[in-house]
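# Fold and geometry: a report
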Amino acid sequence: MGGKYQQPLLSGEKREGGYNHGFSSAEIRTLASVSEVVFPSLSPNSNFEGKENQPSSSKAVQAFLEASASESPIPDEAAEMLSKRTFIESLTLVRVVLLLLSTRLGTLLLCGSLCLGDKWPYINYFSCMPLEKREKVLQSWFKHRLFTLIRIAFIYLKVACLFIFFSRVGEDGDNPAWEAIGYHVDNVENLSQVTKERPLHKGMIETIHEKDSGLPQSLTQKGLQVTEDTKQNVYKIKCDAVIVGSGCGGGVAAAMLASSGLKVVVVEKGSYFAPTDYSPFEGPSMDQLYESGGILPSVDGQMLLLAGSTVGGGSAVNWSACIKTPKSILQEWAEDCQIPLFGSPEYLSAMDIVCERIGVTEDCKEEGFQNQVLRKGCENLGLEVEKVPRNSSESHYCGSCGFGCRRGDKKGTGRTWLVDAVNNDAVILTGCKAERFILETNKIGRTRKMKCFGVIAKTSNKNITKKLHIEAKVTISACGALLTPLLMYSSGLKNQNIGRNLHLHPVLMAWGYFPDSDSEFKGKSHEGGIITSLHKVVATDNKVQAIIETPSIGPAQYTAFCPWESGLDMKRRMLKFSRTAHMITIIRDQGSGKVYAGGRVTYKFDALDRQNIQAGLRQSLRILVAAGAVEVGTHRSDGQRIRCKGISNEELEEFLDSVSSVGGPMFSGENWVVHTSAHQMGSCRMGITEKEGAVDENGESWEAEGLFVCDASVLPSAIGVNPMITVQSTAYCLSKRITKSLTQK
């Protein structure tokens, strides 16, 4: 049981008032009929193999089988989620499909002869078709290239209805499906021992709680100079440095500048949550802690992007892995990209300083289920497996750090660098989104055409009608590789590298099922440290092709990645959820993408990327088989899998030969897959000239004096490992240089 949870934004409590999705009753009726196909009510006598400890006769499993995603209020909640989180063109596509299926002619057009009945008027609405015929229709949409756009719409509907079904909670903090699938939320046993301290409180202004009348006083109390300009309808705020973003880059920059005596203002569009504020609930946590609620696809749907959007940014929700920048990458950046910083003792020292400040430990006292599987499989194959350093204690056993660390053990910027910053009188404004930089034509004779004087920001609080005009000697963009380019665009900057060269570390997953009767591996897939072991996939030339780690996946997220073959198959998969181990293959991508105005992202794989991710995926499957999985597979749309009992080496290799990195949902082939990315970098990269990069080796914009970038977007290329240490070390060096230049003036 989850228990009653108090933080309003993360409580998961039922909605008050009506819905704002704008869907018609006919659209909702059709959406409900689609949801019923995706996750239907089934007979409790259905046979679900592999669930020895919970036979289908148990009350929880019976209720699970009989439940359907068409039950109210799931369709309305799914519509609300879609209207809030999808781009307008995607939402339009979904609604057009629902509208067509709400008519007889549209149903005939999309469903063909399957919608025909025996009685006048002979053509059924989609919602009136028998369940088994509706299922055949959806299966055909998934496979045939003629239905590519319909396929995209269906994916959105499938993700929305299943995410709502598995993430919603009642007043008791529980979901009836969780017991059946063996899932429980992460309840901190000794919550009383978790500090109730809000370490950033003294420097924090949470604009969601402010009003026009009181905000100037709150700002003044924090030591800021504030004047009201009624003509421009703004509050003018003066400081030495303004930083947009509070994650791995912004947090470090804030600490470094504030410690030198500069008055620093950090602008953060997300909210502030201390350890005791974090929720164990997947739905509200994804909604509040991630960009676009964790549902941010590329334009063609082949990539699903995860990025933090809260105080602490990615460091608040990442999986704690602390891997230093590989030597080969530093050499490439220093020599090929001609950026001396990365070949200097200064950078090596910065990595050590960063690791010490965020409390990196090298060992893990107890590994969780998935990491046990990874380690055992590698050992059985004679493969090398490495321990992964983490910014937490060695005894940290938390599988829900992707929703914020409720134990306060993980040391993100909200517990380290930002604490240093507010202890030196830095001010953090939450619920405040930067709109554009304040740029003016520079003096004649200066190297850069423009000069930056700060940033214009707007709060999300409707009670604050005035914008914030924050004037500063230096302005730093640290809002990540997806958002920094948007701020550059909106400010009128034109450098050709802005938004380009976006690297994503594309990920595909393999899975293996280990029944509860397999007592060698203790625990469940959602328990224990998320990443504590790592295997490198090495080619014959000794070059690393990929790394294999384990992910954090809640049941609602799992349904987003999981292929849909039928309602029966989806329920079977979910009943095995808690003992299904996942391996993620991460590559250092040579291909790249672009961030466009409006936040849309495109991405193109390089041929070598496909080969490397295929090699990693195949190796993951070998590891799972070697660890003793009874069944293994991928998330390819056709549900690619194989049972392992009695399988010969020849049969396994034949299966592995069929495993590849295919295209996304827009791919013209019958089979497709959705890749994921939790690491975005390079979209405002450093370069020795303005043709090579958006910023110079000091992180300063080639176009605007006094405007710097200190986040993952400055990295010259992908790095191939979890980037937290690289981003923080780079930000440390850049902000140190910025501080030196300011204090010397």
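Our structure's up above, just so we're on the same page.
Description of the structure in this document. Predicted model, so just to flag it, every value in this text is computed and none were measured.

Within the protein chain one finds 22 helices and 24 strands. In terms of overall dimensions, the protein chain is globule-like: its C-alpha atoms have a radius of gyration of 26 Å, near the 27 Å expected for 745 residues. Its C-alpha atoms put the protein chain at 80 × 60 × 55 Å along the principal axes. Classification of the 745 residues of the protein chain by burial places 61% in the buried group. Within the protein chain, residue pairs in contact and separated by at least 24 positions form 74% of the contacts whose partners lie at least 6 positions apart. Just so you have it, the protein chain exposes about 29,700 Å², and 50% of that area is on carbon and sulfur atoms. In the protein chain, the 82 positive side-chain charges and the 81 negative ones have mean positions that sit 5 Å from each other.

Take the sheet that holds strand β13 (residues 474-477) next. As summarised here, the arrangement of the six strands in space is β1-β9-β5-β4-β13-β24, forming an open sheet in which the pairing is parallel. Each edge of the open sheet carries a strand with a single partner, namely β1 (204-206) and β24 (707-709). Here the strands of the sheet are splayed against their neighbours by 20 degrees on average, with no regard to which way each runs. Pairing geometry for β1 and strand β9 (residues 427-430), over three bridges, is parallel.

Tallied over the full model, the rule gives 32 salt bridges. Between E228 and K466 there is a salt bridge whose closest N-O contact spans 3.2 Å. Residue E228 is located in strand β2 (residues 225-229), and its partner K466 is located in the loop between β11 (450-459) and β12 (467-471); the two are separated by 238 residues in the primary sequence. A residue is classified by how much of its surface remains accessible, and E228, at 48% relative accessible area, is partly exposed. Residues R588 and E332 are paired through a salt bridge, measuring 2.8 Å at the closest nitrogen-oxygen approach. Taken as a pair, R588 in the loop between β17 (580-586) and β18 (592-595) and E332 in helix α13 (residues 327-335) lie far apart in primary sequence, 256 residues in all. For R588, a relative accessible area of 22% gives the class partly exposed.

The next thing to look at is the packing of helix α1 (residues 25-38) against helix α4 (residues 88-101). One way to put it is that α1 packs onto α4 with a least axis distance of 8 Å and a crossing angle of 90 degrees. With respect to their mutual orientation, α1 and α4 come out roughly perpendicular. Each of E27, T30 and L31 in α1 lies in contact with α4, whose residues at this interface are R95, L98, L99 and L101. In the contact of α1 with α4, the residues fall into four nonpolar, one polar and two charged.

Attention now moves to helix α20 (residues 607-627). Spanning 21 residues, α20 covers 31 Å between terminal C-alpha atoms, matching the ideal 30 Å at 1.5 Å per step. Two residues or fewer after α20 comes G628, characterised by a positive phi angle close to 110 degrees.

When you tally the buried positions in strand β5 (residues 264-268), you get five out of five residues, the bulk of the element. The alternating pattern of β5 places V264, V266 and E268 and V265 and V267 on opposite faces, both of which are buried. Of the strand pairs in this sheet, strand β4 (residues 241-244) and β5 are connected by four bridges, and their pairing is parallel. Each bridged residue has a counterpart across the sheet, and for A241 the counterpart in β5 is V264. Each parallel crossover has a hand, and for β4 linked through helix α10 (residues 248-259) to β5 it is right-handed.

Attention now moves to a nonpolar patch on the surface. A cluster of nonpolar side chains, L105, L108 and L116, forms an exposed patch at the surface whose accessible area comes to about 280 Å². By the secondary structure assignment, L116 is in the loop between α5 (104-111) and α6 (131-143). By relative accessible area, which is 40% here, L116 ends up partly exposed.

Checked against the element boundaries, G404 lands in the loop between β8 (386-387) and α16 (417-423). Accessibility expressed as a relative area gives 0% for G404, which makes it buried. Considering only alpha carbons, one finds G404 and C337, 67 residues apart in sequence, at a separation of 36 Å. In this structure, G404 is in contact with Y278, L289, A316 and V317, ignoring residues within four places of it in sequence.

Turning to the packing of helix α14 (residues 345-357) against helix α22 (residues 724-743), a few remarks are in order. Packing of α14 against α22 leaves a shortest axis separation of 9 Å and a crossing angle of 115 degrees. The hand of the α14/α22 crossing is right-handed. Along the contact surface, α14 presents E346, Y347, A350, M351, I353, V354 and C355, while α22 presents I725, T726, Q728, S729, T730, Y732, C733 and R737. When the residues that make up the contact of α14 with α22 are grouped by side-chain class, the tally is nine nonpolar, four polar and two charged.

Right, let's talk about helix α21 (residues 649-657) for a bit. Looking only at α21, the buried set comprises L652, F655 and L656. Taken end-on, α21 shows its buried residues confined to a sector of 100 degrees, consistent with a single buried face. Exposed residues on α21 whose side chains face more than 90 degrees from its buried face are E650, E654 and D657. Buried positions along α21 lie against α20, β20 (631-634) and β21 (641-643).

Topologically, P44 is positioned in the loop between α1 and α2 (59-66). For P44, a relative accessible area of 24% gives the class partly exposed. Along the backbone, P44 and F64 are 20 residues apart, and their C-alpha atoms lie at a distance of 8.7 Å.

By convention here, two paired aromatic rings are described through the distance between centres and the angle between planes. In total, this model carries 21 aromatic pairs according to the counting rule given. Aromatic rings pair up to connect F39, F64, F165 and F166 into one cluster. The aromatic ring of F23 is capped on one face by R95, whose charged end is 4.7 Å from the ring centroid. Here K571 stacks its cationic end above the ring of F39, 4.7 Å away from the centre of that ring.

Each value, and the rule that gives it
- Residues numbered from 1 in each chain as written.
- Predicted model: local features only at pLDDT ≥ 70, side-chain atom pairs only at ≥ 80, totals over all residues.
- Heavy atoms only, no water.
- Helix = DSSP H or I, 4+ residues; strand = E, 2+ residues; numbered from the N terminus.
- Rg over C-alpha atoms; globule rule 2.2 N^0.38 Å.
- Buried < 20%, exposed > 50% of the residue type's maximum accessible area, 1.4 Å probe, protein only.
- Contact = heavy atoms within 4.5 Å.
- Areas by Shrake-Rupley, 256 points an atom, 1.4 Å probe, with all protein chains shown as cover.
- Lys, Arg positive; Asp, Glu negative; His and termini not counted.
- Charge placed at Lys NZ, Arg CZ, Asp CG, Glu CD.
- Pairing = 2+ DSSP bridges.
- Axes fitted to C-alpha atoms, helices over the stretch in contact; angles between N-to-C directions.
- Salt bridge = Lys/Arg side-chain N within 4 Å of Asp/Glu carboxyl O.
- Parallel < 35°, antiparallel > 145°, perpendicular 65-115°, else oblique.
- Nonpolar A, V, L, I, M, F, W, Y, C, P; charged D, E, K, R; others polar.
- Expected span 1.5 Å × (residues − 1).
- Right-handed = clockwise from strand over helix to strand, strands pointing away.
- Patch = residues over 30% accessible without salt bridge, like charges linked within 9 Å, V, L, I, M, F, W, Y side chains within 5 Å.
- Left-handed = near helix turned anticlockwise from the far one by under 90°.
- Arc of directions from axis to C-beta.
- Phe/Tyr/Trp six-rings, centres within 6.5 Å; stacked < 30°, edge-to-face > 60°.
- Lys NZ or Arg CZ within 6 Å of the ring centre and 35° of its normal.

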